[in-house]
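Spelled out, the chains give:
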Amino acid sequence: MKVAVFGTRRYDVESLDAALKLVPEGRELKFTFLDSLLDEATAILAAEHDAVCLFVNDICDAKVVERLHDLGVKFIALRCAGYNNVDLAAAKRYNMKVVRVPSYSPEAVAEFAVGMLLTVIRKYHKAYNRVREGNFLLEGLLGFNVQGKTVGLIGTGQIGLLTGKILSKGFGANVIAYDPYPSKEAEEHGISYVDTVDELFTRSDIISLHCPLVDSTRYIINDSAISKMKRGVVIINTSRGELIDTYSLIRGLKSSHIGAVGLDVYEREAGYFFADGSAQVMTDDAFARLLTFFNVFVSGHQAFFTAEALKNIASTTIQSLLDLEAQKVCKYVVEK
């Protein structure tokens, strides 16, 4: 099987090549590593390949799926958990199988979310820069304890559950959650459910997002939601950028209704993340404005980025592709 890997970075090559060495003798995958992200213009690069391998910011809408089908591509392998960037209906129409990596390292993202929370409330990043300049003053670095605060989780999949467990068991926070599909494991992790997301907005000192991006969650954080939140609320998003309406977030920050924000994702991140744009003009005015706030901390979609996660992503992706090639049942197929 020949696989075109879009949006390749050095760590993708290293992790996939390492996993390839463990493929059983007699089975073979050949990767073509491409720097370009997949979109309608770059789809032609998948010609003469059986599959494409994508990440979070590749575009695989109906037009791209049709183009891939015309080129003879049979499989779409996502080396991530989310699949909102793939038109599943179009893939089904052309009988193209879509697979993903539903659980590469929930610990990686959960630990990062907690670290990001501590960064924005204890101002590690500001203290680091001050000390490097010889400034040891504490003014402007005042934070607050997580212990005793109410943390609201939107979404309690594996990552949400682990985040809640760390904050409840480790920090002594009061962790509440909203999820239309409650987990039986929540109680043992010290998490209690609320009946509505509005109740979560009203009660939480800190809100952390851990839900997938679907129609019902797109812009779940908007003007109306923010108006229900406590003044000074802290918002953390390590899930998907479009869960938050950026313009609403900016308005909440300007009015000081929002106390601090930690973002590892951004709704229009595809034009910036996973690339060096330091010598370019930022044309996204909303993103540029967001980066000016003293109480906003942004990282470039790195919550997943651990050695363990990369190893799991590579091995799961390769096994799924081998199963598809052999026409075996693949447990990570995404169904519409």
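Conventions we followed
Residues numbered from 1 in each chain as written. Predicted model: local features only at pLDDT ≥ 70, side-chain atom pairs only at ≥ 80, totals over all residues. Heavy atoms only, no water. Pairing = 2+ DSSP bridges. Helix = DSSP H or I, 4+ residues; strand = E, 2+ residues; numbered from the N terminus. Axes fitted to C-alpha atoms, helices over the stretch in contact; angles between N-to-C directions. Buried < 20%, exposed > 50% of the residue type's maximum accessible area, 1.4 Å probe, protein only. Patch = residues over 30% accessible without salt bridge, like charges linked within 9 Å, V, L, I, M, F, W, Y side chains within 5 Å. Areas by Shrake-Rupley, 256 points an atom, 1.4 Å probe, with all protein chains shown as cover. Salt bridge = Lys/Arg side-chain N within 4 Å of Asp/Glu carboxyl O. Lys, Arg positive; Asp, Glu negative; His and termini not counted. Charge placed at Lys NZ, Arg CZ, Asp CG, Glu CD. Parallel < 35°, antiparallel > 145°, perpendicular 65-115°, else oblique. Left-handed = near helix turned anticlockwise from the far one by under 90°. Contact = heavy atoms within 4.5 Å. Nonpolar A, V, L, I, M, F, W, Y, C, P; charged D, E, K, R; others polar.

- The name that an unreviewed UniProt entry assigns to the protein is D-lactate dehydrogenase, with the source organism given as Gymnopilus junonius.

What about the sheet that holds strand β12 (residues 296–298)?
Here is step 1 of the chain: Taking strand neighbours across the sheet as the criterion, the 7 strands line up as β8-β7-β6-β9-β10-β11-β12 in an open arrangement whose pairing is parallel. Pairing within the sheet leaves two strands with one partner each, and these edge strands are β8 (191–193) and β12. Pairwise comparison of adjacent strand axes, ignoring direction, gives a mean angle of 20° for this sheet.
Here is step 2 of the chain: As paired strands, strand β9 (residues 206–209) and strand β10 (residues 233–237) are joined by 4 bridges and run parallel to one another. Bridging across to β10, Leu209 finds its partner in Asn237.

Remarks on unusual backbone geometry
Here is step 1 of the chain: Phi at Lys123 takes a positive value of approximately 60°, unusual for a residue other than glycine.
Here is step 2 of the chain: Secondary-structure assignment places Lys123 in the loop between α4 (106–122) and α5 (124–132).
Here is step 3 of the chain: The class of Lys123 is buried, set by a relative accessible area of 15%.
Here is step 4 of the chain: Even without a glycine there, the phi angle at Tyr219 is positive, about 55°.

Side note on a negative patch on the surface
Here is step 1 of the chain: On the surface, Glu40, Asp61, Glu66 and Asp70 cluster together into a negatively charged patch.
Here is step 2 of the chain: Within the secondary structure, Glu40 is located in the loop between β2 (30–33) and β3 (51–54).

Looking at the packing of α4 against helix α6 (residues 158–170)
For any two helices packed against each other, one specifies the crossing angle of their axes together with the interaxial distance.
Here is step 1 of the chain: Where α4 contacts α6, the two axes come as close as 8 Å, and the packing angle between them is 50°. Between α4 and α6, the angle is such that the two are oblique. Remark: the crossing between α4 and α6 carries right-handed chirality. Touching Pro106, Glu107, Val109, Ala110, Glu111, Ala113, Val114 and Leu117 of α4 are Gln158, Ile159, Leu162, Thr163, Ile166 and Leu167, all from α6.
Here is step 2 of the chain: Taken together, the residues of the contact of α4 with α6 sort by class into 10 nonpolar, 2 polar and 2 charged.

Section: the environment of Glu40
Here is step 1 of the chain: Taking C-alpha positions, Glu40 is 7.5 Å from Arg67, a pair spaced 27 residues apart along the chain.
Here is step 2 of the chain: With sequence-adjacent residues up to four places away left out, Glu40 is seen in contact with Lys63 and Val64.

A short note on the pattern of salt bridges
Here is step 1 of the chain: With the rule as written, the count across this model stands at 11 salt bridges.
Here is step 2 of the chain: With a shortest N-O distance of 3.6 Å, Arg79 and Asp12 are connected by a salt bridge. Within this pair, whereas Arg79 is found in the loop between β4 (75–78) and α3 (88–93), its partner Asp12 is found in helix α1 (residues 10–20), the two being separated by 67 residues in sequence.
Here is step 3 of the chain: For Arg79, a relative accessible area of 3% corresponds to the buried category.
Here is step 4 of the chain: On the basis of relative accessible area, Asp12 is assigned to the buried category, the value being 9%.
Here is step 5 of the chain: Across the salt bridge formed by Asp284 and Arg268, the nearest N and O atoms sit 3.0 Å from each other. Taken together, the positions of Asp284 in the loop between β11 (258–263) and α10 (285–290) and Arg268 in the loop between β11 and α10 put the pair 16 residues apart, joining distant regions of the chain.

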